[in-house]
Structures are given as structure tokens and as C-alpha cells.
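Examination of the molecular architecture
This is what each chain is made of:
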Amino acid sequence: MPEKPKIAIMISGTGSNMEAIASACRRGSLDAVISIVISDDPGAPGLKKAARRGLAVFASPYEKGAAREENEAPIIEALKNAGVSWIVLAGYMKILSPSFVRTFPGRIVNIHPALLPSFPGAHAIKDALEAGADFTGVTVHIVDEYVDHGPILAQEEVAVIPNDTEDTLAVRIHEVEHRLYPKTLQQLFHEDY
Ligand code: GAR
């Protein structure tokens, strides 16, 4: 049986994708071990959920005015100490510096709530609605040195329906994310892309 890769999950908020990944690991549909869950926000609800699942957690708030590299240094140290081979961004809302990305080249994965290259950024669901898009979706991609950019691993469409609000559309996007992210990670870790 192939060894299970050790992964880190990085979150900033609710952590529903982190939970979907943790559940898939527990069920055995994702062969990976979550070594650490990291957040830039010590009060992130997802961090509590991770701790309740018995996962190791680490919070490292960013200092205002400090260089990105300075803020990232404790996180990089935690990742190295945890010996992870993959870093899974699941609603991590800070932009990683190029030097962070170069420290783990090709080993950082992200999920984004739109069909990239459409609607990059922190408000993708709102932006798609405001643009009057008929459909949007979900993208899973490898992170490179640009924001919401890098080789795409998987995409799935989600239709925008009449009278959708940000909340109703977000519910359907999250449903897709919770299914697509664990499945794509399993393929990435254990099959050739
Ligand atoms: C997810 O929808 C994810 O795609 C998005 O944040 C949400 C986190 O939800 N990420 C981005 O917008 C990154 N640009 P969660 O904390 O419940 O997993």
C-alpha cells in the first residue's frame, strides 16, 4: 500500500472545505494524513473545528505593516517542522509571497469559488453575480507566484439561477467544493496528472 502523504491545510475562516477534506481522510476516500491546520486568524471558527477533530493546529496572526515574508516566517517554520509534502489552501485569504511559493514549488494547491481565469480575488461569488454571469463554478489549481493563478487541476460549473443571492449561490458552490476538492486531491496525490 502506498504511503499516505502528509498534508497541511491553511484556512482563514469557516473551514468547511477543511472539514470535507478531513472527513474524506477519515472515510478513506482520500489517502492523506492531515499533519497540521494553520490559520492567520487565531479566532477562525475552522481552527476550533480542526482542534475538535483532534488535528494539530497553529495560528500565526499577521502583523500590520510588517513585510509579508516576516509574517509568513513562523508559518514556513511550522510547515517544515510538520514535514508535509503538500500544502492545501482552503479559504486561506492572505496572498502568499513569491518566496513562500518558491519554498514549496508545485506543492501548494488552492480552491477558488469561480471558473478561473474569470473572477479572481477575494469576492468571486459576488463579482460573478454582479457581472450578470449565467454560470460560474469552482476551480482547483496549483499555486504559482501570481494571485489565483497556476496550472488548473479541475473545474466544475455551477449555474446562476434567477433571484440567486450571494448566500444561495454560495451554498451551491460550497456543495461542489466539498465534493471536488477531496476527489481532486486524491487524484493529485495518487495518480499521474
Ligand atoms: C471557499 O469558498 C473557497 O473557495 C474560498 O473561500 C471559501 C472558504 O470557505 N476561497 C477564496 O475565495 C480564495 N480566493 P470555507 O472556510 O468554508 O472552506
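Located above this text is the structure these notes cover.
Residues numbered from 1 in each chain as written. Predicted model: local features only at pLDDT ≥ 70, side-chain atom pairs only at ≥ 80, totals over all residues. Heavy atoms only, no water.

Description of the pattern of salt bridges
Our working rule: Whenever a carboxyl oxygen of Asp or Glu lies within 4 Å of a side-chain nitrogen of Lys or Arg, that contact is scored as a salt bridge. Note on conventions: DSSP H or I runs of at least 4 residues are helices, E runs of at least 2 residues are strands, and numbering of each starts at the N terminus. Type-normalised accessible area, obtained with a 1.4 Å probe on protein chains alone, sets the label of each residue: buried when under 20%, exposed when over 50%, and partly exposed for intermediate values.
This model, assessed by the stated rule, comprises six salt bridges. With a closest N to O distance of 2.8 Å, glutamate 156 and arginine 179 form a salt bridge. With glutamate 156 in strand S7 (residues 152–159) and arginine 179 in helix H6 (residues 166–190), this pair connects stretches of sequence that are 23 residues apart. Glutamate 156 sits in the partly exposed class, given a relative accessible area of 23%. For arginine 179, a relative accessible area of 46% gives the class partly exposed.

Section: the pairing of strand S5 (residues 108–112)
Threshold: Pairing between two strands requires that DSSP report at least two bridges joining them. Whether a crossover is right-handed comes down to one check: with the strands pointing away from the viewer, does the path from the first strand over the helix to the second run clockwise; if it does, it is right-handed.
Across the five residues that make up S5, a large majority, five, are buried. Side chains of S5 alternate between two faces, with Ile108, Asn110 and His112 and Val109 and Ile111 buried alike. In this sheet, S5 lies alongside strand S4 (residues 86–89) in parallel orientation, the contact comprising three bridges. Following the sheet pairing, valine 88 is matched in S5 by valine 109. As a crossover connection, the stretch from S4 through helix H4 (residues 98–103) into S5 is right-handed. Sheet topology places S5 next to strand S6 (residues 135–142); four bridges connect them, and they run antiparallel. Its bridge partner lying in S6, asparagine 110 is registered against histidine 141.

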